[in-house]
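Given next are the chains, with one letter for each unit.
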Amino acid sequence: MEGWHGWDEYAAYYDWENAQTVGRRDIAFWKHMASTVRGPVLELGCGTGRVALPVARNGTTVVGIDRSQPMLDRARKRVRRARLQSQVQLVRGDIRFLPFPDKSFPLVMAPYGILQSLLVERDLTKTLAAVSRGLTRKGTFGLELVADLPAWDEYSKRISMRGKRGPNGKPITLVESVVQDRAKQITRFEQEFVEGRGKNAVRQKFGLAFRTLTVPQMVRRLEKAGLEVSALLGDYRGGPWDLRSEVWIILARRG
Ligand SMILES: C[S@@+](CC[C@H](N)C(=O)[O-])C[C@H]1O[C@@H](n2cnc3c(N)ncnc32)[C@H](O)[C@@H]1O
């Protein structure tokens, strides 16, 4: 399994589920980061535009790259509805092979654990090298790792979410299993969304996998890619990171 697998099938449920989990808690942070630079910012794994749209609405030009067409289709619809076509450019592509000229972006954002979708070292190395090349001189790379992934308990077929109205207006249930491969630092989810009831229920099953490095491990990778870590943040207001922090944000600069 690769880290980009599963997102096409997840797309129809992503916004519904995230409205109840991550919501908008990181949005003000990314808006602020983007407001400190001049020029377009790049968002790695922009998905349905959860971050890209508010950042663009705040006056920044955003280029979002994502490998999943169904996720991008949703982002595109939102961009059109918000009339932000001149502010948001959506590109279908893989973050390991960024298709942009060197030194294009004063800020590259990697919100909500996108780098954790890179399941093997080689892919992380490739991506960090591509990001480093894409940054302007003194440009900033901001990334968030979802801190609690390695701490998830293993369980099998648990009903982890229920709603009276899912994305298609029907009752919805999420049945989820979690397996941890501690040696490889990988958390695997098997998810099944069930919409409607009884015989007419519609089921969508898919797997997602994430690899979580610790903050010091990620810092070493960034430095190896020629980036200089400028801040470790432990909350979205800019407070410092420590081992107990629930938020893991790293800012690194191209020297
Ligand atoms: C957790 S979502 C984040 C979406 C958005 N940034 C947000 O915060 O809501 C991860 C996204 O990364 C994309 N993705 C995963 N691996 C990728 C890869 N190798 N290249 C490009 N996109 C990838 C998925 O398709 C998915 O849309």
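Here the structure is a predicted model, which is why all the values come from computation and not from measurement.

A. Seen up close, the site of the ligand. In the region of the ligand, 19 residues are neighbours, and Y14, E43, G45, R50 and D66 sit closest. Note that an oxygen atom of the ligand is positioned 2.8 Å from one of the side-chain N or O atoms of R50. Note that an oxygen atom of the ligand is positioned 2.7 Å from one of the side-chain N or O atoms of D66. For the ligand, whose unbound accessible area comes to 600 Å², protein coverage reaches 98%. Of the residues belonging to the shell around the ligand, the class tally is nine nonpolar, five polar and five charged.

B. A look at the sheet that holds strand β2 (residues 62-66). Judged by pairing direction, the sheet is mixed, and its seven strands sit side by side in the order β3-β2-β1-β4-β5-β11-β10 without closing on themselves. Single-partner strands in this sheet number two, and they are β3 (88-92) and β10 (227-233). On average, each strand axis in the sheet is tilted by 20° relative to the strand beside it, whichever way the strands run. Note that strand β5 (residues 135-145) and strand β11 (residues 248-254) share six bridges and pair antiparallel. When the sheet's bridge partners are listed, G142 is paired in β11 with L251. Strand contacts of helix α4 (residues 69-81): β2 and β3, with the helix running at about 165° to β3, the strand carrying the most contacts.

C. Examining empty space enclosed by the protein more closely. Scanning the entire structure with this criterion turns up one cavity of 30 Å³ or more. In this structure, the largest cavity spans a volume of roughly 30 Å³. Lining the largest cavity are L115, Q116, L118, L124, L145, R211, L213 and M218. Split by residue class, the lining of the largest cavity holds six nonpolar, one polar and one charged.

D. Just the domain arrangement of the protein chain, in detail. Along its sequence, the protein chain is carved into domain 1 (7-147 + 213-254) and domain 2 (149-211). One C-alpha centre belongs to domain 1, the other to domain 2, and the line joining them spans 24 Å. Counting residues at the interface gives 22 residues for domain 1 and 20 residues for domain 2. For the domain 1 and domain 2 pair, buried surface summed over both sides reaches about 1,900 Å², with 64% attributable to carbon and sulfur atoms. Area buried by domain 1 at its contact with domain 2 is led by Y13, W16 and L119, which between them contribute 38% of it. Looking at the side of domain 1 that touches domain 2, the elements that each hand over two or more residues are α1 (7-19), α5 (121-134) and α6 (215-224). With seven residues, the single largest contributor to the side of domain 1 that touches domain 2 is α1.

About the criteria used
Residues numbered from 1 in each chain as written. Predicted model: local features only at pLDDT ≥ 70, side-chain atom pairs only at ≥ 80, totals over all residues. Heavy atoms only, no water. Near = heavy atom within 4 Å. Polar contact = N/O pair within 3.5 Å; in protein donor to acceptor, adjacent residues only side chain to side chain. Areas by Shrake-Rupley, 256 points an atom, 1.4 Å probe, with all protein chains shown as cover. Nonpolar A, V, L, I, M, F, W, Y, C, P; charged D, E, K, R; others polar. Pairing = 2+ DSSP bridges. Helix = DSSP H or I, 4+ residues; strand = E, 2+ residues; numbered from the N terminus. Axes fitted to C-alpha atoms, helices over the stretch in contact; angles between N-to-C directions. Contact = heavy atoms within 4.5 Å. 1 Å grid on protein atoms, 1.4 Å probe; cavity = no way out; pocket = protein on both sides within 12 Å on 5 of 7 lines; lining within 4 Å. Points joined across faces, edges and corners; volume = space filled by probe spheres on them. Domains from an automatic or database assignment. Buried area = accessible area lost by both parts, 1.4 Å probe.

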